[in-house]
Amino acid sequence: MYQEVILDHYKHPHGRGLRDGDAEVHHVNPTCGDEITLRVKYDGATVADVSYEGQGCSISQASASVLNDLLVGKELAEAQKIQATFLELMQSKGQIEPDDAMEEVLEDAVAFAGVSKYPARVKCALLSWMAWKDATAQALGDGAERKTA
Amino acid sequence: MTQLPGLLDTEAIRKDFPLLDRVIHDGKKIVYLDNAATSQKPRQVLDALNAYYEQSNANVHRGVHVLAEEATALYEGARDKVAAFINAPSRDEVIFTKNASESLNLVANMLGWADEPYRVDAETEIVITEMEHHSNIVPWQLLSQRTGAKLKWFGITDDGRLDLSNIDEIITEKTKIVSFTLVSNIMGTINPVDTIIRRAQEVGALVCIDASQAAPHMVLDVQALQADFVAFTGHKMVGPTGIGVLWGRQELLEDLPPFLGGGEMIETVSMSSSTYAPAPHKFEAGTPPIAQAVGLGAAVDYLTAIGMDKIAAHEHAITEYAVKRLSEVEGLRIIGPTTAEDRGATISFTLGDIHPHDVGQVLDELGIAVRVGHHCARPVCLRYGIPATTRASFYLYSTPAEVDALVEGLEHVRNFFG
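Residues numbered from 1 in each chain as written. Chains lettered and ligands numbered in written order. Predicted model: local features only at pLDDT ≥ 70, side-chain atom pairs only at ≥ 80, totals over all residues. Heavy atoms only, no water.

1. A few points about the pairing of strand β3 (residues 46-55) of chain A
Residue and element names in this part refer to chain A. Here strand β2 (residues 34-43) runs beside β3; their pairing, made up of nine bridges, is antiparallel. Bridge pairing links Thr37 to Glu53 in β3. Linking two consecutive strands that pair antiparallel, namely β2 and β3, is a turn of two residues; a positive phi of about 65° is found at Gly44 within it. (Pairing = 2+ DSSP bridges. Helix = DSSP H or I, 4+ residues; strand = E, 2+ residues; numbered from the N terminus.)

2. Details of the pattern of salt bridges
All names here are of chain B. Counted under the stated rule, the structure contains 28 salt bridges over all chains. Here Asp168 and Arg199 are joined by a salt bridge, their closest N and O atoms 3.3 Å apart. Note that Asp168 is positioned in helix α6 (residues 167-170) and Arg199 in helix α7 (residues 193-203), a separation of 31 residues in sequence. (Salt bridge = Lys/Arg side-chain N within 4 Å of Asp/Glu carboxyl O.)

3. Here's the deal with the interface of chain A and chain B
Residue-level contacts link 18 residues of chain A with 14 residues of chain B. Summed over both partners, the interface of chain A with chain B buries about 1200 Å², with 51% contributed by carbon and sulfur atoms. One can count one salt bridge joining chain A with chain B. In this structure, Arg121 of chain A engages Asp358 of chain B in a salt bridge whose closest nitrogen and oxygen atoms are separated by 3.1 Å. Seen at the junction of chain A and chain B, the total is six residue pairs in polar contact (both at pLDDT 80 or more). Residue assignment for the side of chain A that touches chain B shows that the elements contributing at least two residues are α1 (4-11), α2 (58-71) and α5 (119-140) of chain A. Among the elements that make up the side of chain A that touches chain B, the one with the highest residue count is α1 of chain A (three residues). (Contact = heavy atoms within 4.5 Å. Buried area = accessible area lost by both parts, 1.4 Å probe. Polar contact = N/O pair within 3.5 Å; in protein donor to acceptor, adjacent residues only side chain to side chain.)

4. Considerations on the sheet that holds strand β6 (residues 150-154) of chain B
For sheets, the rule is that strands pair by backbone hydrogen bonds, running either parallel or antiparallel. Residues and elements named next belong to chain B. In spatial order, the strands read β4-β10-β9-β8-β7-β5-β6; together these seven strands make up an open sheet with mixed pairing. The outermost strands of the open sheet, each flanked by one partner alone, are β4 (94-97) and β6. For this sheet, the mean angle separating the axes of adjacent strands, direction not counted, is 20°. Pairing analysis gives three bridges linking strand β5 (residues 125-129) to strand β7 (residues 175-181), with the strands arranged parallel. Its bridge partner lying in β7, Ile126 is registered against Ile177. Contacts from helix α3 (residues 66-85) reach β4, β9 (229-233) and β10 (244-248) within the one sheet, and its direction differs from that of β4 by about 120°. Across the sheet, helix α5 (residues 138-147) is in contact with β5, β6 and β7; its angle to β5 comes to roughly 160°. (Axes fitted to C-alpha atoms, helices over the stretch in contact; angles between N-to-C directions.)

Next up, the structure:
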C-alpha cells in the first residue's frame, strides 16, 4: 500500500500552502482526524490553482499533493473526469487493476490502487478530492454543472 | 525471555485463547495489543455459549418447560456470578444491559425522568471529566440539553491526571450527579475515586463510575468504591459482546423510574397503566441477551479462577516494562502518565510526526494489532493538541515478548517514514 510514489509525495508535497482562491472548504475525516483546508482558483473554466493546508496520515497528505499535480492547469471538464476516475479506482475494493488508459488519466494517482483494498483508508485518500469537488461547486455554482454539460 | 516479577503463566493461559494462535499476513503470528477495545475469548467462554445454545436455549422467566427453567437458571446464575465478582450486597442490584454505553444512558435517563430528590432539572448541575469516553459524555450532554441542567467537567493535567484543584467549585450544592471513569480508556490513568466521592457525598450528589476499563483488570468492589452506580461491559473482560452491567444501590433502583418499557419489566399491565417488577427486572425490558449473560458468567468464573489481584499484578509488571521500553524509542511521546504508578496497561503515544494511522498500518503488516485514532475520547486529543494517538493495551495473556515486538515494530515504522 505504501508505494514509493506515495511516500515521496508525503515527504515532499507539491503545491502545499494556502494561496488566493475563489472558494475555500474545510473537510475532516472523523475516523482518523485527517483534516484539510483547500482553496480553488479558477481562470474561466481552467483550474488556475488548488492550494491546501492539512494534517493527517501519509495517504491523505500524499493524495492532496497528487491532486495538485494532476488538476492544476486542466480544463474543468477534464479535471472532473480525473476526479471521477480516481473515485472509481478508490471505490473498487482492490478489484481494479489500472490499465494503460487509466494510467494515462491518473498518472501518479494509480499508486493509490493498493489503498482501495483497505476500507478504513479509502476515506483518507479521497479527502482532498471530495474537498476539491465541494470547493469547485462553491466557486462556480451552477456553472460547474453547465460547463461540463 | 524477559522474566518479570508478578507475571502470570502466560504460556498456559494463552492455550485457552484460540485466536491468539492465529497467523496473519503470510505467517506472522498475531500480536494482539488492542485489549482496551475488546479482549479475546477463552475456550471456556466459547464453550459456555455453545452449550447454552445446543442444550438449554429457551426464553427466560416464562414457560414451565424444562428448557425455560434451565435457561432462566443459567441467566440468573450469571447474575449471581457477576454480583459476587463485584462484591455487590445484593444480586438484585445487578442489571444486565447490552454494553456500558447502555448502562450509562440508563442512569442518565433514570435521573432525567425521576421525581425529587433525584430529578435532574434546570436548577441542577451534572459533573463529568475531560477524560471520559464519549459514552460517558454524550448521554450527559443529552440530559443537559433536555433538562436545562448545567454540564460541568474536570480538566486534565499535563501528565494525564484529573485536575481536581478546583473540586469545590466543580462539585457544588447544585450537583445532582458526578459521573467519571475509574480508568481512562485512552491514557490508562487510574483516577482517585475517594477524593471525588468524598466531595460528592458532602453535597449529596450521586456518583456514577464507568468501570469499563477497570472491571477486566483489577479487583472491583462496589462496596469499597462507595459509588451509587457502576457501569461496565462484558466483552472487554473475556466475555461476549452484547452484554453489559449496571450495578446500582438497591434503594435507588427501587425509587428510580424505568427507562425502557416492555415485556419482562412489568408486574401487571392494563390498557391505562402498568405497575413494574422490582429491580433488576424493572430495568430489563424485553428478552435479554441470555446467551451473552451466560457467557459473561463463564468469563467471570475464568477471571476469578486466575484471581483479579494476580491479573492486576501481571498487568502492572507488563506496564512497567512497556513504559520503560517505549521510552527508549526515539521520538515517542507517551500521552498520559509516564510511569506505571496509578495507571493501567493501556498506553497511548505519538511517534514523531508520523500519523497514527500510518503507525497502525505498518504495525499491522508486521502482525501487530494496535488501535489508532481518538479512541472515542476526542476531548483528550484536543487537550493535548494532537489529532490522534496510537494505543497499545495489554491484558492477562500479554507477554514481555509482545512488548519487544511492538518496540521493534515501532523502530521499523520510524525507519520506514524517516
